Amino acid sequence: MKKLVVKIHAELEVPDDWEIARHPSGITVLKIGDTFVDFDLAPLATTSGDPEAEWSDINVEVVEKVLDAVTGLDTDLEFITHH
């Protein structure tokens with residue numbers, strides 16, 4: 001068995017009223033109004049070799065195999081303000 005490390009970096013431009021908050025479960029999340037938002041790994045797959053192929057999570061069997069292989073997941077949230 002081998003280990004695969006996936007690093008995903010995303011930047012979002014968000015309204016000033018969105019905030020980073022601690023959910024009662026102890027995780028740090030994005031808070032939009034009364035809604036808590038966490039980020040997760042979302043595997044997408046295709047069987048097409050076409051450069052314009054459509055990628056989706058519709059192949060539940062493959063998605064579940066990938067998610068079952070996840071042994072750890074960490075999310076870091078940070079606001080960067082530009083003056």
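For the structure itself, consult the block above.
Throughout what follows, the structure given in this document is the object of discussion. Once a new chain begins, its residue numbering starts again from 1 and follows that chain's sequence as written. A pLDDT threshold of at least 70 governs which residues receive local features in this predicted model, and a stricter bar of 80 or more applies before side-chain atom pairs are shown or counted, although totals over entire chains, interfaces and linings include all residues. Where side-chain values are given, they derive from all heavy atoms of the structure, hydrogens and water being excluded.

### A short note on the overall build of the chain
- Strands here are runs of E lasting at least two residues and helices are runs of H or I lasting at least four, both read from the DSSP assignment and numbered beginning at the N terminus. Per the secondary structure count, the chain includes one helix and three strands.
- Mapped in sequence order, the helices and strands of the chain form the string β-β-β-α.
- Taken over C-alpha atoms, the radius of gyration comes to 17 Å for the chain, far larger than the 12 Å a tight globule of 83 residues would show.
- When the backbone C-alpha atoms are referred to their principal axes, the chain occupies close to 45 × 30 × 25 Å.
- Contacts were defined at the residue level, with two residues in contact if any of their heavy atoms lie within 4.5 Å. Partitioning the contacts of the chain with sequence separation of at least 6, the portion at a separation of at least 24 is 34%.
- Only four residue types enter the tally: Lys and Arg on the positive side, Asp and Glu on the negative side; His and the chain ends are excluded. The atoms used to mark charge sites are NZ of Lys, CZ of Arg, CG of Asp and CD of Glu. In the chain, 6 side chains carry a positive charge and 18 a negative one; their mean positions are 12 Å apart. Throughout, radius of gyration means the C-alpha value; the globule benchmark is 2.2 Å times the number of residues raised to the power 0.38.

### Brief notes about the sheet that holds strand β1 (residues 19–22)
- Pairing between strands is defined by DSSP: at least two bridges between the two strands are required. Overall, antiparallel pairing links the three strands, which are arranged β1-β2-β3 in an open sheet. The outermost strands of the open sheet, each flanked by one partner alone, are β1 and β3 (35–37). Adjacent strand axes in the sheet meet at a mean angle of 45°, parallel and antiparallel pairs treated alike.
- The pairing of β1 with strand β2 (residues 28–32) spans four bridges and is classified as antiparallel. Its bridge partner being in β2, Arg22 is matched across the sheet by Thr28. Simply put, an axis is a line fit to the C-alpha atoms, just over the touching stretch for a helix, and the angle between two N-to-C directions goes from 0 to 180 degrees.

### Considerations on the pairing of β2
- Connecting β1 to the next strand, β2, in antiparallel fashion are five residues, including Gly26 with a positive phi near 105°.
- Pairing of β2 with β3 involves three bridges; the strand directions are antiparallel. By the bridge assignment for β3, Ile32 is matched with Thr35.
- Hairpin connection, β2 to β3: the antiparallel pair is bridged by two residues, and Gly33 has positive phi, about 60°.

### Topic: the pattern of salt bridges
- Should a side-chain nitrogen of Lys or Arg be within 4 Å of a carboxyl oxygen of Asp or Glu, the pair is scored as a salt bridge. Taken as a whole and assessed by the stated rule, the structure comprises one salt bridge.
- In this structure, Glu61 engages Lys65 in a salt bridge whose closest nitrogen and oxygen atoms are separated by 3.9 Å. One end of the pair is Glu61 and the other is Lys65, both in helix α1 (residues 60–69) and four residues apart, which spans about a single turn.
- Relative accessible area serves as the criterion here: at 56%, Glu61 is assigned to the exposed category.
- Each residue's exposure class comes from its accessible area (1.4 Å probe, protein chains only) as a fraction of the maximum for that residue type: buried when under 20%, exposed when over 50%, partly exposed otherwise. Residue Lys65 is classed as exposed on the basis of its relative accessible area, which comes to 56%.

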